[in-house]
Amino acid sequence: MRVVIADDSRMSRLVCENIINDSDRYELVGSFATAEEAVNFCARNPVDMVIMDIVMLKGDYNGIEAAGIIKQHRPETKVILMTSMPEHTFISKARENNVDSFWYKEIEEIPLLSLIDRTADGESIYPDSTPVLSLGQISSTEFTSRELEVLRLLVDGYENPEIAEMLCISPRTVKMHIENMLHRTGFRNRLELAVNVRADGFIIN
């Protein structure tokens, strides 16, 4: 099976590449840092499976939007979405866009290769529910989608103006989101917040 990988995290992409390259069943035909590149590649080339992250900061599409486009034009192509973000709407949106399978990086109830194999064999594998993780004094269900996006970039070491530019919002709005998260989690500053996000496995890129 010809496989395409799309993930803006180089490390995550490398893990997927190694899984595919180590299997005699699959052939890696493309590996990209944006969902847009994956969509364009699938439009021009025969692809049997796409393994794609949901949240990617560059390009015109997130993984869910890209999956919908690929499925619309190539419904026979298997699509697996993966994420490290405990956003409760992702699963339902993935189903609406005919995504075949869904995998949480930080939970790994099923090993990724097993999920790939079962999807290739025609199964549709989804988790029973979005994982509920704790961060300080609150749980992941209490974060908005935008807060999770800000939090992901904060953990990656970006400053407020950079986060604002990447999310197309103002630095003042970024500051507001961070202050709200600090207040609700009980952490004293952004460094403490970022360290605990990493330590607790709340977001893994």
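Residues numbered from 1 in each chain as written. Predicted model: local features only at pLDDT ≥ 70, side-chain atom pairs only at ≥ 80, totals over all residues. Heavy atoms only, no water.

S.K.: Looking at this model, I keep getting lost on a nonpolar patch on the surface. Mind explaining?
M.R.: A contiguous nonpolar surface patch, about 260 Å² in accessible area, is contributed by M11, L14 and V15. Accessibility expressed as a relative area gives 54% for M11, which makes it exposed. (Patch = residues over 30% accessible without salt bridge, like charges linked within 9 Å, V, L, I, M, F, W, Y side chains within 5 Å. Areas by Shrake-Rupley, 256 points an atom, 1.4 Å probe, with all protein chains shown as cover. Salt bridge = Lys/Arg side-chain N within 4 Å of Asp/Glu carboxyl O. Buried < 20%, exposed > 50% of the residue type's maximum accessible area, 1.4 Å probe, protein only.)

S.K.: Which parts of the structure should I look at to understand the sheet that holds strand β1 (residues 2-6)?
M.R.: Sheets are built from strands paired through backbone hydrogen bonds, the pairs being either parallel or antiparallel. A sheet is described by the order of its strands in space; here five strands give the open sequence β2-β1-β3-β4-β5, paired in parallel fashion. Among the strands making up the open sheet, the edge pair consists of β2 (27-32) and β5 (101-104). Neighbour to neighbour, the strand axes of the sheet diverge by 20 degrees on average, direction disregarded. In terms of strand pairing, strand β4 (residues 78-83) meets β5 through four bridges, oriented parallel. Bridge assignment links M82 to a residue of β5, and that residue is W103. The strands touched by helix α1 (residues 10-21) within the sheet are β1, β2, β3 (49-53) and β4, with β2 carrying the most contacts at an inclination of about 170 degrees. (Pairing = 2+ DSSP bridges. Helix = DSSP H or I, 4+ residues; strand = E, 2+ residues; numbered from the N terminus. Axes fitted to C-alpha atoms, helices over the stretch in contact; angles between N-to-C directions. Contact = heavy atoms within 4.5 Å.)

S.K.: I keep staring at the packing of helix α2 (residues 35-44) against helix α3 (residues 63-73) and nothing clicks. Help me out?
M.R.: Two packed helices can be described by the angle between their axes and the distance between those axes. Between α2 and α3, the shortest axis-to-axis distance is 9 Å and the interhelical angle comes to 10 degrees. In terms of axis orientation, α2 runs roughly parallel to α3. Residues A35, V39 and C42 of α2 form the contact with α3, whose own contacting residues are G63, A66, I69 and I70. Class assignment of the residues belonging to the contact of α2 with α3 gives a composition of six nonpolar, one polar and no charged. (Parallel < 35°, antiparallel > 145°, perpendicular 65-115°, else oblique. Nonpolar A, V, L, I, M, F, W, Y, C, P; charged D, E, K, R; others polar.)

S.K.: Could you clarify how one ought to interpret the nonpolar core in this entry?
M.R.: The tendency in soluble globular proteins is for nonpolar side chains to be buried as a group. Counting residues in hydrophobic clusters, the biggest one holds 50 residues, and the most contacted among them are M52, L81, F102, L151 and L193. The dominant element in this core, judged by the number of residues it contributes, is helix α6 (residues 145-155), at six residues. By size, the runner-up hydrophobic cluster in this structure holds 15 residues, among which are V3, I20, I51 and L112. (Core = buried A, V, L, I, M, F, W, Y, C linked by side-chain atoms within 4.5 Å.)

S.K.: Before we go on, may I ask you to explain the environment of S124 in this structure?
M.R.: Mapped onto the secondary structure, S124 falls in the loop between α5 (112-120) and β6 (134-135). The exposure class assigned to S124 is partly exposed, which follows from its relative accessible area of 48%. Here the side chain of S124 touches D100 through a polar contact of 2.5 Å, landing on its backbone oxygen. (Polar contact = N/O pair within 3.5 Å; in protein donor to acceptor, adjacent residues only side chain to side chain.)

S.K.: In this structure, what is going on with unusual backbone geometry? I would like to understand it.
M.R.: Peptide bonds are mostly trans, and most non-glycine residues show a negative phi. Phi is positive for N98, close to 65 degrees, though the residue is something other than glycine. Look at C168: it is not a glycine, yet its phi comes out positive at around 60 degrees. Inspection of the secondary structure puts C168 in the loop between α7 (160-167) and α8 (171-185).

S.K.: Could you clarify how one ought to interpret α3 in this entry?
M.R.: Since the α-helix advances by 3.6 residues per turn, residues separated by three or four positions end up pointing in the same direction. Within α3, burial applies to G63, I64, A66, A67, G68, I70 and K71. For α3, the elements touching its buried residues are α2, β3, β4 and α4 (90-96). Where α3 begins, one side-chain oxygen reaches toward the backbone nitrogen of I64, 3.0 Å away; that side chain belongs to N62.

S.K.: I'm lost on the pattern of salt bridges in this one. Help?
M.R.: Opposite charge on two side chains makes pairing possible when the charged atoms of those side chains draw close. Overall, the coordinates contain eleven salt bridges when judged by the stated rule. Its salt-bridge partner being D100, residue K71 comes within 2.7 Å of it at the nearest N-O pair. With K71 in helix α3 and D100 in the loop between α4 and β5, this residue pair connects regions lying 29 residues apart in the sequence. For D100, a relative accessible area of 14% gives the class buried. A salt bridge links R188 to E192, with the nearest nitrogen and oxygen atoms 2.9 Å apart. The exposed category is assigned to R188, whose relative accessible area is 71%. Residue class for E192 comes out partly exposed when judged on its relative accessible area of 21%. Overlapping salt bridges, with partners in common, bring together D7, D53 and K105 in one network.

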